[in-house]
Amino acid sequence: GATLVARHADYADSVALAEWAYGAGRGVYVGFHYMTSDTVSAISYQWGRDLMLNAVQLAGGCVSPPPVPLSFVGSYPVNSGPRYFDPGVVSYSCREACALVFGGVSETYRCSTVEGEVNGRAFADGWGDTQYCQGEGVADDFSQQAGGLYNCGAEGCSYSAYVSDHADVCAATNYCWTTAPPPPPPLNFVGSYLVNSGPQWSGPGVVSYTCREACSLVFGGNSDDYRCSTVEGEVNGRAFADGWGDTQYCQGEGVADDFSQPAGGLYNCGADGCSYSAYVSDHVDVCAATNYCWTIGR
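Here the structure is a predicted model, which is why all the values come from computation and not from measurement. (Residues numbered from 1 in each chain as written. Predicted model: local features only at pLDDT ≥ 70, side-chain atom pairs only at ≥ 80, totals over all residues. Heavy atoms only, no water.)

Chemist: Looking at this model, I keep getting lost on helix α5 (residues 211-219). Mind explaining?
Modeler: Residues spaced three or four apart along an α-helix point in a common direction, a consequence of the helix completing one turn every 3.6 residues. Three or more residues of α5 are buried, namely C211, R212, A214, C215 and S216. The inward-facing, buried residues of α5 contact β11 (188-194), β12 (226-229), β13 (238-239) and β17 (290-295). (Buried < 20%, exposed > 50% of the residue type's maximum accessible area, 1.4 Å probe, protein only. Helix = DSSP H or I, 4+ residues; strand = E, 2+ residues; numbered from the N terminus. Contact = heavy atoms within 4.5 Å.)

Listed below in structure tokens is the structure:
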């Protein structure tokens, strides 16, 4: 029954502050190591006193907890759930359904019956009853026979936000939002290029390129949207690169896909190891390695 107030910035899965109803008042969880393990030392500092004051104010209802940011994950139709008459089919709240469909834990989800906003409601089908398949639906944490079997045999004996029962009537969509960090955008393979297919090293104005920059030159788009790999079929964030008088990165682990030396500077610098580029025609026979380009931009 606790409400998440804040997460640690560096540890997104760790709760920093939460509050819940406790009798006629309110309880607060403070997940800060120096505050909770050594209170005497913590309150000798101003930051410790400020943190304790904020916790007390929150517990006393003097301040409202700041809203937890929500990220849209996706949607699902109510009737895409398991068939109601299959053995062992239970009733799910919308939050539980979101966790089943998109992963994670149900406590981090909030639902909506409206696209583009969070209203805390969900559509749900019922045993012999479709009243919640439209209109305001039900609360997004509601199910009847909560966690129990859906096929209970009497009108209105169970309701689930994720079940195939009145499939034609109850095809309404529930929208899932989460307080968990949004998943990284999917990467799409675009193509590959040879390191030695870049500009001639001795040409005027030839600069050093990272693999990401090379991908954008070869395939178009923004270099920030690209990720590279030295292995076909997967993304390892590495790239092969040639160097002025140095071919060590033309094989093995290569370099990071956002590395070049000097960054954005001229390649023809005149000394061994003074420059490296993931897209240059220098040691053509030795550095014919392939870099693979993936993007989030298309």
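And the narrative resumes.
Chemist: I'm lost on helix α4 (residues 94-102) in this one. Help?
Modeler: Listed in full, the buried residues belonging to α4 are C94, R95, A97, C98 and A99. Buried positions along α4 lie against β4 (71-77), β5 (109-112), β6 (121-122) and β10 (173-178). Positioned one or two residues after α4, G103 has a phi angle of 90°, which is positive.

Chemist: Just to check I follow, could you spell out the side chain of S277 for this structure?
Modeler: Of note, S277 is situated in strand β16 (residues 276-277). Polar side-chain contacts of S277 include one of 2.9 Å to the backbone nitrogen of Y209. A distance of 3.2 Å separates the side chain of S277 from the backbone nitrogen of Y279, its partner in a polar contact. Apart from residues lying up to four places away in sequence, S277 is in contact with V195, V207, S208, Y209, A241, D242 and Y267. (Polar contact = N/O pair within 3.5 Å; in protein donor to acceptor, adjacent residues only side chain to side chain.)

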